[in-house]
Amino acid sequence: MSRDGDARGLEAEAAAAAEAARELREAAAALVATRAAEEDALRRRAVALDADVRRLQGSLPALDPSTVDKVEEELERARVAITDSDVASFLPSKRNGKFLKTFLGPVNVRVARKEDKLKIKDEYNNYRDRTAYKFLLFPSILLLLRWWIWDGCLPAWAVQMYQAWLLFLYTSFALRENVLIANGSDIRPWWIYHHYLAMLMALISLTWEIKGQPDCSSKQRGVQLFLRWAIMQGVAMHLQNRYQRQRLRTRIALGKAKRMDVVAGETAGVEGQLLLLYPVLFILQGFEAYVGVLLLQTALHGLASEWQVVVCGILLVVMAVGNFVNTVETLVLKLRFKAKMKRAKSRQDRPHEN
């Protein structure tokens, strides 16, 4: 009898559990349906408001110059409020670019929660900081060891290991930046293309024959100049990282930038850093072009017969020209923004003067 009682008790508990599971399933389905309806309503509102902001921004040229700045500022605040909040998750998602599809396939890399997006951005910034130190450290070590241990002649394996690290570095930069763009970050297209070109150059340089003695100094002149350029690149990266972070904090505080942005287009007023940053950038770009031209001259004079020398020289010149054009465009934007701020300030001061 006890066994029959236990069996009936277990059967009753199992039936109760099944009934509870059914009720829980129905409650979950109802909740999901309700949430889906609410999300659909929010999605329609978000898309409509985003379209209205874009339409109003397109109408700015028709406004009177005396009012366009104020209207533009209000619309920019509205845009940031939409794209830099949880509202962004209700806007149509950007599709993965060809680069991400090539490496990851048809995987959705967009993150729903704002906190997770910011973690991706913070990790990217930290990665840039760590990379700047390595850009200074690795080529400096190679140049020092060249004199102390390798008798003025770099071994091929050391240079190829460095180029392999560069290939990994620029590939990781491109992947991280494409993921950031998919999650709403504002990154200038040129920097993505620059990393694609740098990846190609690092890949080609892995097959470049590093010749040694005799006359090692002459044969490796291009490699030595490239390492010195890399050291300058590390210095520039340090300055850029520090300046851009301060500038972005100011734009976010003003409501003119999203917290997911990593590069902004206007100045935050740190003039001391600008006076140092831009000369360093222009010197670096000039030296980069010089190294590229030197490689081309080396190939033309018959000192190197490898096709890799010619391609790497062309890529360095192209990257130097692209960096120069992008830097000038950024500087022009800063000057325009300063002029705009002065005009706005003068209009604000006129009522007080009257």
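Preceding block: the structure.
Reading the values: rules and limits
- Residues numbered from 1 in each chain as written.
- Predicted model: local features only at pLDDT ≥ 70, side-chain atom pairs only at ≥ 80, totals over all residues.
- Heavy atoms only, no water.
- Helix = DSSP H or I, 4+ residues; strand = E, 2+ residues; numbered from the N terminus.
- Buried < 20%, exposed > 50% of the residue type's maximum accessible area, 1.4 Å probe, protein only.
- Contact = heavy atoms within 4.5 Å.
- Areas by Shrake-Rupley, 256 points an atom, 1.4 Å probe, with all protein chains shown as cover.
- Expected span 1.5 Å × (residues − 1).
- Phe/Tyr/Trp six-rings, centres within 6.5 Å; stacked < 30°, edge-to-face > 60°.
- Salt bridge = Lys/Arg side-chain N within 4 Å of Asp/Glu carboxyl O.

Draft legend 1. Highlighting the overall build of the protein. Regarding its fold elements, the protein presents 10 helices and zero strands. Order of helices (α) and strands (β) in the protein, N terminus to C terminus: α-α-α-α-α-α-α-α-α-α. When burial is assessed residue by residue, the protein has 38% of its 354 residues classed as buried. Across the protein, every contact between residues at least 6 apart in sequence was considered, and the portion connecting residues at least 24 apart equals 76%. Surface summary for the protein: the accessible area is close to 20600 Å², and the carbon and sulfur share equals 62%.

Draft legend 2. Layout of helix H5 (residues 156-182). The first and last C-alpha atoms of H5 sit 39 Å apart over 27 residues, in line with the 39 Å expected at 1.5 Å per residue. Where H5 terminates, the next one or two residues include Gly 184, which has phi positive at roughly 100°.

Draft legend 3. Fine view of the packing of aromatic side chains. Summed over all chains, the structure comprises 12 aromatic pairs. Geometrically, the ring pair formed by Phe 99 and Phe 103 is tilted, given 4.8 Å between the ring centres and 45° between the ring planes. Note that Phe 99 and Phe 103 are positioned in helix H3 (residues 98-104) at a spacing of four residues, about one turn of the helix.

Draft legend 4. Representation of the pattern of salt bridges in the model. Across all of its chains, the model carries seven salt bridges by this definition. As a salt-bridge pair, Asp 40 and Arg 44 come within 2.3 Å of each other at their nearest N and O atoms. Taken together, the residues Asp 40 and Arg 44, both in helix H1 (residues 2-58) and four residues apart, mark about one turn of the helix. On the basis of relative accessible area, Asp 40 is assigned to the partly exposed category, the value being 33%. Close ionic contact of Arg 130 with Glu 123 constitutes a salt bridge, the shortest N to O distance being 3.1 Å. Take Arg 130: its relative accessible area is 38%, and that puts it in the partly exposed class. A residue is classified by how much of its surface remains accessible, and Glu 123, at 32% relative accessible area, is partly exposed.

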